[in-house]
Amino acid sequence: MPNRTVLKNGIVLSLDKRVGNFMQADVLIDGAKIGAVGPSLKAEGAEIIDASNMIVMPGFIDTHRHLWEGILRNIGTDIPLEGAQSYLAFVLNTLAPAYRAEDVYAGNKVSTLGMIDAGITTVLDWSHIQAGPEHTDAAIKALQESGLRAVFAYGPVWYEAPKPEHPEWFRRAAKQYFSSKDQLLTLAWAGYGPEFNSIEGNKADWNLARDVNARITVHVGVGTYGKHGKVAQVGKTGLYGPDTTFIHCTTLNDEEIQMIVDSGSTVSLASPVEMMMGHGMVPIQRFLDRGMRPSLSVDVETNVPNDMFTQMRSLISLQHALLFERKLAGEENLPAFLTTRDVLEFATIDGARANGLEARTGSLTPGKEADVILLRTDKPNIFPINDPIGAVVWGMDTSNVDSVFVAGQPLKRNGQLLKVDLDSVKIMAYESRDYVVPKSGVKLPAM
Ligand SMILES: [Zn+2]
């Protein structure tokens, strides 16, 4: 009989309208799955966890992050996306070539730990650091060790022309690590996308991914690169579909935004990065106007924090600012303002959809896998709880994350990460950073 645990008497946000939300209820974790959600559940023999000072909800989902940059945290906070002194120039073209396989492992390791600490249970690792098969093995090893649910998105490096071996290396990884459907890791192809590759190159990418049943994820509308109609050009060949996620979309024209919506693809917005680094205006309203709900993503820890509270607050603030500006200018019949429930769904169930995992995670729905977090409501930053969803979106931060379960397995309990020696990870992170940064010739920012 599988392990059974009851999370007892919590405020439960299932985020599934058929299940409902409760001011006091229980969640039964039955092995790897959600067994039941409701008040006063009977579960004989189950372990009881007192959740009376907790909000119980699905884990957060990040749909695009370059985990290998974990050892480069905050190294580029004053640096824009494009130009001589830029993220593209110094992270992708100067620091990335210095990475050994062990540095990829170190980056992924610290990034996964930060994620668990912040209540993120699923991530898409946009891993464009595949200099060779050993880099792939290192990235996947860290993901496997983390206990997280993850989409490993294999991406060729950006500092050199694509090597002809990549398709073969990608197929090798698919065969070696992703033949089982019954595991936490799934596979995607992280392509250069329409703005950074030829039409033929894009066709080859989409065909390769589909040939091994992998999803496809691409950056588009990337600052000035997004202004040349490439997304429309490539889209007219009929490549786009529900297996594709488009990231940013910030400088796309209306035809391209509409094409993405019409193709049934999904979208990942990284609004803090997009605003601070110069990707272009976050296209939240343009997608909402067309009935598309986005997912959210951290993107780069070189610049922004690693949690989804920041993501939710950034996006809802921006959408409100844009609409209030129109209202103050006298416009009437404005579109709807995003609600806290909307952005909480973007950070959970819509993320699951964009990662191709909505049947498994994203809500506390009986039968789905038990990716559950407990958020403390007895901290001085948050009680009394008057509006649980408002409290999560606007009042809480990572210090409220008490417990994290993925597929029923605890990764964090009582505010502490489990089964990890943080001191040795810290030493590894500094050693790796102290190799990569000098080797690249980049100087750490002056104070
Ligand atoms: Zn990115």
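Here goes a summary of the coordinates provided. Since the model is a prediction, treat every value here as computed from it, not as a measurement.

Observations concerning the sheet that holds strand S7 (residues 120–130)
Spatially, S6-S7-S8-S9-S10-S11-S12-S13 is the arrangement adopted by the 8 strands of the open sheet, whose pairing is parallel. Each edge of the open sheet is held by one strand with a lone partner, namely strand S6 (60–65) and strand S13 (295–296). When strand S11 (residues 244–248) meets strand S12 (residues 266–269), the two strands line up parallel, connected through 3 bridges. Along S12, the bridge assignment pairs Thr245 with Thr266. Lying on the sheet, helix H10 (residues 308–328) is in contact with S6, S7, S12 and S13; it crosses S6 at an angle near 85°.

Notes on the coordination of the zinc ion
Of the protein atoms, only His64 (NE2), His66 (NE2), His219 (NE2) and Asp299 (OD) coordinate the zinc ion, at distances of 2.1 to 2.4 Å. Around the zinc ion, the 4 donor atoms are arranged such that angles at the metal cover 82 to 171°; this shape is classified as irregular. Summarised as a motif, the one-chain spacing of the donors to the zinc ion is H-x1-H-x152-H-x79-D. As far as burial versus exposure is concerned, His64 and His66 are alike and both buried.

A look at the pairing of S11
Each regular strand displays side chains that alternate between the two surfaces of the sheet. Judged by how many residues are buried, S11 sits mostly within the fold: 5 of 5 residues are covered. A crossover connection joins strand S10 (residues 215–220) to the parallel S11 through helix H6 (residues 230–235); in handedness this β-α-β unit is right-handed. You can see the chain leave S11, run along helix H7 (residues 254–262) and come back into S12, and the turn it takes is right-handed.

Details of the packing of aromatic side chains
In the structure shown here, the tally under the stated rule is 15 aromatic pairs. For the pair Phe152 and Phe178, a centre-to-centre distance of 6.3 Å together with 10° between the ring planes defines the contact as stacked. Here Phe152, found in strand S8 (residues 149–156), pairs with Phe178, found in the loop between helix H4 (166–177) and strand S9 (185–191); they are 26 residues apart in sequence, far enough to count as distant. When sorted by exposure, Phe152 lands in the same class as Phe178, which is buried. Three or more aromatic residues link up through ring pairs in this structure, and these residues are Phe152, Tyr154, Phe170, Tyr177, Phe178 and Trp189.

Quick notes on unusual backbone geometry
Peptide bonds are, in most cases, trans, and in most cases residues other than glycine have a negative phi. Between Phe383 and the following residue, Pro384, the backbone shows a cis peptide bond with an omega angle of 0°. Looking at the secondary structure, you find Pro384 in the loop between strand S14 (372–376) and helix H13 (388–395). One non-glycine residue with positive phi stands out, namely Ser40, at about 50°. Mapped onto the secondary structure, Ser40 falls in the loop between strand S3 (33–38) and strand S4 (47–50). Assessed through its relative accessible area of 54%, Ser40 is described here as exposed. Of note in the backbone geometry, Ala407 takes a positive phi value of approximately 50° without being a glycine. By secondary structure assignment, the location of Ala407 is in the loop between strand S15 (401–406) and strand S16 (409–413). Ala407 sits in the buried class, given a relative accessible area of 12%.

Let's talk about H10
Residues separated by three or four positions in an α-helix point in the same direction, a consequence of the helix having 3.6 residues per turn. For H10, which comprises 21 residues, the first-to-last C-alpha distance of 30 Å matches the rise-based estimate of 30 Å (1.5 Å per residue) to within 8%. Listing the buried residues of H10 in full gives Met308, Phe309, Gln311, Met312, Arg313, Ser314, Leu315, Ile316, Leu318, Gln319 and Leu323. One or two residues past the end of H10 sits Gly330, with phi positive at roughly 100°.

What about the side chain of His66?
Among the structural elements, His66 can be located in the loop between S6 and helix H1 (87–95). At 3.4 Å, the side chain of His66 forms a polar contact with the side chain of His128. Excluding its chain neighbours within four sequence positions, the residues that come into contact with His66 are Tyr87, Asp125, Trp126, His128, His219, Asp299 and Val300.

As for the nonpolar core
The biggest cluster of nonpolar side chains holds 124 residues, and the ones touching the most others in it are Phe60, Met312, Leu344 and Val392. Looking at which element gives the most residues to this core, the answer is helix H2 (residues 101–117), with 8 residues. Core analysis: the next-biggest nonpolar cluster, separate from the first, contains 17 residues, Val12, Val19, Val27 and Ile49 among them.

Cut-offs used in this document
- Residues numbered from 1 in each chain as written.
- Predicted model: local features only at pLDDT ≥ 70, side-chain atom pairs only at ≥ 80, totals over all residues.
- Heavy atoms only, no water.
- Pairing = 2+ DSSP bridges.
- Helix = DSSP H or I, 4+ residues; strand = E, 2+ residues; numbered from the N terminus.
- Contact = heavy atoms within 4.5 Å.
- Axes fitted to C-alpha atoms, helices over the stretch in contact; angles between N-to-C directions.
- Donors = N, O, S within 2.8 Å, 3.2 Å for Na, K, Ca; no water.
- Tetrahedral: all angles 85-135°; square planar, octahedral: opposite > 155°, others 65-115°.
- Buried < 20%, exposed > 50% of the residue type's maximum accessible area, 1.4 Å probe, protein only.
- Right-handed = clockwise from strand over helix to strand, strands pointing away.
- Phe/Tyr/Trp six-rings, centres within 6.5 Å; stacked < 30°, edge-to-face > 60°.
- Expected span 1.5 Å × (residues − 1).
- Polar contact = N/O pair within 3.5 Å; in protein donor to acceptor, adjacent residues only side chain to side chain.
- Core = buried A, V, L, I, M, F, W, Y, C linked by side-chain atoms within 4.5 Å.

Function cannot be read off these values alone, since they describe shape.
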